[in-house]
Each structure stands twice: as C-alpha cells, then as structure tokens.
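Report on the structure
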Amino acid sequence: MTTDVPTIAWTGDALRLLDQTVLPHRVEFLAVQDVDALVDAIRRLVVRGAPALGVAGAFGVAIAVRQAEREGWDGAGRDAAIARVREARPTAVNLAAGVDRVLPFVVKGADAVAAEAQALLDEDVRGNRTIGAHGADWILARAGDRPLRVLTHCNAGSLATAGWGTALGVVRELHGRGRVEIVYADETRPLLQGARLTAWELDRAGIPCVVQADGAAPSTILRGLVDVAVIGADRIAANGDTANKIGSVGVALACREAGVPLVVAAPWSTVDLALPDGAGVPIEERDAGEILSWGGARTAPERVGAFNPAFDVTPARLVTALVTETGVLEVAAGTTPAAAATRVQGLSRSGFGHEREHVSCPAERGRRRAEPG
C-alpha cells in the first residue's frame, strides 16, 4: 500500500503543509513561519479537513508565540494573533479545539506548545486507525459476505487529517480486508475536493473508484448501486446533527429513502457538546468567484450573484451511525453523542485529542431504515 504524503509536519522552525490547492497535478509544500501565512493557508484550503485544522491550529499557536518573541509583540498582540488562527474558519470546531488544547503551554514557550501539538498530531493518526477499524467492523456486521459498493462525499482521507483518514480510513480498512468492490467519489463542487483529493488518495491506495457529479449521487443510491455511504464531519452537535461539506444532506436523504446506512466517521473532538443541535452551527459562506467562475473565466452573467455555503447540516435522524475512536453510536436509533457523554467518564470537549474510554452501542442486526428521531 502506498505511504501517505504527510499533510502537516513541524520542522522545528516552521509548519510544513502539503498544498492541497495544486493537487492532483503537483505535490508541493509550503513552509509557514508567521500567523498571516497560516491564516491565509487555512482560508485558501491549502490545509483543510476538521482534524487537520485542529493540528494546524495547535501548531499555529507555536508559530504565534515564536513570532511574538521574534518581533517583540506584547502579550496582547500575541493573544490577538492566536485568536486570528482560532477563528480562521468558523464551522470546523476542531480548529478552535486544537488552539485551546495548547494554550496552557504558551507560558512555557514555543517549544512546549509545539511538543503538545505534536502529541495531538500523533493521537490523531492513532485515533483514525481506530475509527477505521470500528467503522469497518460495524459495516461488515450488517453487509453480509460480499464486496461493498461505497459512496463518499468531499474528502475525509489522510489529506483531511494528520494521517490515514476518517471516512476514507474506514474505506481503507474495508479494502484491506478485501471488501471493497468500488467507491463512488462525489466530485464535490465547487472546489472538487472529491475529484481532486479523494480520487487521488484512492488511486494511490489501489482502491477502485469512479468520480461522479454531486447531482448524480442521490440517483446512484436510489438505483441500488450503493451499499453504504461514509462521510466525514466538520462539527457534530450534541444531538447528532452533523455539519459536513455542502451536498451531504442530499446523500443522507437518498440513503434514508433507499434504506442504505449513512455512516459519519470523525474524531470525538469534532463533537461539540456545547451545541444542542445543528441550528447553531455557523455556516461558512465562501467567495462568490468559486461559483461564478471556472479556470479564471466567468461562467455566469455579470449581474448575477452567487450563494456559496461551504457546509450543510444533516439531521441526526438521517445519521445511521457515528463512528469515532471511542466506538460506534447509532444516532438515528436514539444513541446521541450527548447521551454517550453522560454515560462515560472523561468524554468532553476539554479532553480534545486525548485517548478515552471506549463507547459502543448495542449492535443493530440486519439492515433497516432508520426511523425518525
């Protein structure tokens, strides 16, 4: 199996980021040494994906501390720079959580912050492997003894994490067990994370895949061509409502109609227990040019504007299973993150990145359509 190209690495004096804006045609890296460059990289999606943003945010604090020392900032200036990193993208809760995790180490200096950020990176990779195993186990317990046709949306692979991936981590685990027939990768308009990034990862891993238009996904599911859909998440509310890349709701609705399981794979750090439901998720709206232009040429009439939300929120009743490193929650059946957190000591956002007790739900035998919750 092909080794992952590292998405994020600390070199000792800079944060080395794989530039995802130029994939799949070129593999290039950026060396980030100041806060302006990191905020720009986050907003331009040089680095993207909730878990990867958490790690980038943690290292971003080390960058801010080092820049403050280098340029003679006072504490207020340093803290303002850290706040800019924390708020660079509003929807992905991991970015803020990554920053918050390392804040207690600021008084000890940049090296101490970087060491804690590295611990977070290492934990993310381990956690993603566990997510993959939990997700594959849950799916295979319901799928029967046959190769599976999997649909995924956007990119929740190694590129969106510190390594291995969440949703694609599940797919990779299934493939390693010889249980993937084909993966339908939604292209994911307007920036084509599915076509550019997911297909690149799957191809490198030797996993059979095809790219399809986002609008084709519901039909592919309803035609009976998909056995399971596996997606990632950028923020998950306490009730299980899930914010993910725009277009995820259409996949979820089609899965519900077809009786196909919708599996959300994400680290527990993506769960925002302070958010009761998805109504409070801030939805990032991106530049109109992403919709109105293609390859530098405008594709819509000059007087026409654009509506460009980057995310949508899938209601919890459509989420068959939420897979984290702690286990599997059958959300549509009523086992919500909030319910799990109240049962298991140590599950809280304040523990972001640390390994926790295992949570599991009673196994639902056989495939059935989730009932409204």
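Structure shown above.
Only a predicted model underlies this, so the values are computations on that prediction, with no experimental measurement involved.

1. A word on the packing of aromatic side chains
The tally for this structure, following the rule as stated, stands at one aromatic pair. Ring centres of tryptophan 10 and phenylalanine 59 lie 5.4 Å apart, and the angle between their planes is 10 degrees; on these two criteria the pair is classed as stacked. Of the two residues, tryptophan 10 sits in strand β1 (residues 8-10) while phenylalanine 59 sits in helix α2 (residues 50-71), which places them 49 residues apart along the sequence. Directly above the aromatic system of tryptophan 164 lies the positively charged group of arginine 129, at a separation of 3.7 Å from the ring centroid. Sitting over the face of the ring of tryptophan 200, arginine 204 holds its NZ or CZ atom 4.9 Å from the ring centroid.

2. Here we look at the pairing of strand β9 (residues 242-245)
Of the pairings in the sheet, the one linking strand β8 (residues 235-237) to β9 comprises two bridges and is antiparallel in character. Bridge pairing in β9 places isoleucine 236 opposite threonine 242. In terms of strand pairing, β9 meets strand β14 (residues 311-314) through four bridges, oriented antiparallel. By the bridge assignment, threonine 242 is partnered in β14 with threonine 314.

3. Things to note about the pairing of strand β6 (residues 209-212)
In terms of strand pairing, strand β5 (residues 180-186) meets β6 through four bridges, oriented parallel. The partner of aspartate 186 across the bridge, within β6, is glutamine 212. For the handedness criterion, the β-α-β arrangement of β5, helix α7 (residues 193-205) and β6 is classed as right-handed.

4. A short note on the environment of isoleucine 246
One can find isoleucine 246 in the loop between β9 and α9 (248-258). In sequence terms isoleucine 246 and phenylalanine 311 are 65 residues apart; their C-alpha atoms lie 4.2 Å from each other. With residues near it in sequence (within four places) discarded, isoleucine 246 still touches His153, Arg189, Pro309, Ala310, Phe311 and Asp312.

5. Structural notes on empty space enclosed by the protein
Per the stated rule, a full pass over the model turns up eight cavities of 30 Å³ or more. The computed volume of the largest cavity comes to approximately 180 Å³. Lining the largest cavity are 22 residues, with Arg48, Gly49, Ala50, Asn155 and Asp234 sitting closest to its centre. Put simply, the parts of the chain that give the lining of the largest cavity at least two residues each are α2 and β9. Partitioning the lining of the largest cavity into residue classes produces eleven nonpolar, seven polar and four charged. Taken as a whole, the second largest cavity spans an internal volume of roughly 140 Å³. Looking at the second largest cavity, it is lined by 13 residues, and the ones nearest its centre are Asp4, Ser158, Arg172, Glu201 and Arg204. Listed by contribution, the elements that provide at least two residues to the lining of the second largest cavity are α6 (167-176) and α7.

6. Here we look at the side chain of threonine 7
By the element assignment, threonine 7 lies in the segment before β1. On the basis of relative accessibility, which here comes to 2%, the residue threonine 7 falls in the buried class. Separated by 3.0 Å, the side chain of threonine 7 and the backbone oxygen of serine 158 make a polar contact. The contacts of threonine 7, once residues within four sequence positions are left out, are Arg16, Leu17, Leu18, Gln20, Ser158, Leu159 and Thr161.

7. Regarding helix α1 (residues 35-43)
Within α1, burial applies to Val35, Leu38, Val39, Ala41 and Ile42. On an axial view of α1, the arc spanned by its buried residues comes to 160 degrees, and they lie on one face. In this structure, the buried residues of α1 make contact with β2 (15-18), β3 (29-32), α2, α3 (75-86) and α4 (93-102). The N-cap of α1, judged by a side-chain oxygen 3.2 Å from the amide nitrogen of aspartate 36 a few residues on, is aspartate 34. Of the residues trailing α1, leucine 45 is marked for its positive phi of about 70 degrees.

Rules used in this analysis
Residues numbered from 1 in each chain as written. Predicted model: local features only at pLDDT ≥ 70, side-chain atom pairs only at ≥ 80, totals over all residues. Heavy atoms only, no water. Phe/Tyr/Trp six-rings, centres within 6.5 Å; stacked < 30°, edge-to-face > 60°. Helix = DSSP H or I, 4+ residues; strand = E, 2+ residues; numbered from the N terminus. Lys NZ or Arg CZ within 6 Å of the ring centre and 35° of its normal. Pairing = 2+ DSSP bridges. Right-handed = clockwise from strand over helix to strand, strands pointing away. Contact = heavy atoms within 4.5 Å. 1 Å grid on protein atoms, 1.4 Å probe; cavity = no way out; pocket = protein on both sides within 12 Å on 5 of 7 lines; lining within 4 Å. Points joined across faces, edges and corners; volume = space filled by probe spheres on them. Nonpolar A, V, L, I, M, F, W, Y, C, P; charged D, E, K, R; others polar. Buried < 20%, exposed > 50% of the residue type's maximum accessible area, 1.4 Å probe, protein only. Polar contact = N/O pair within 3.5 Å; in protein donor to acceptor, adjacent residues only side chain to side chain. Arc of directions from axis to C-beta.

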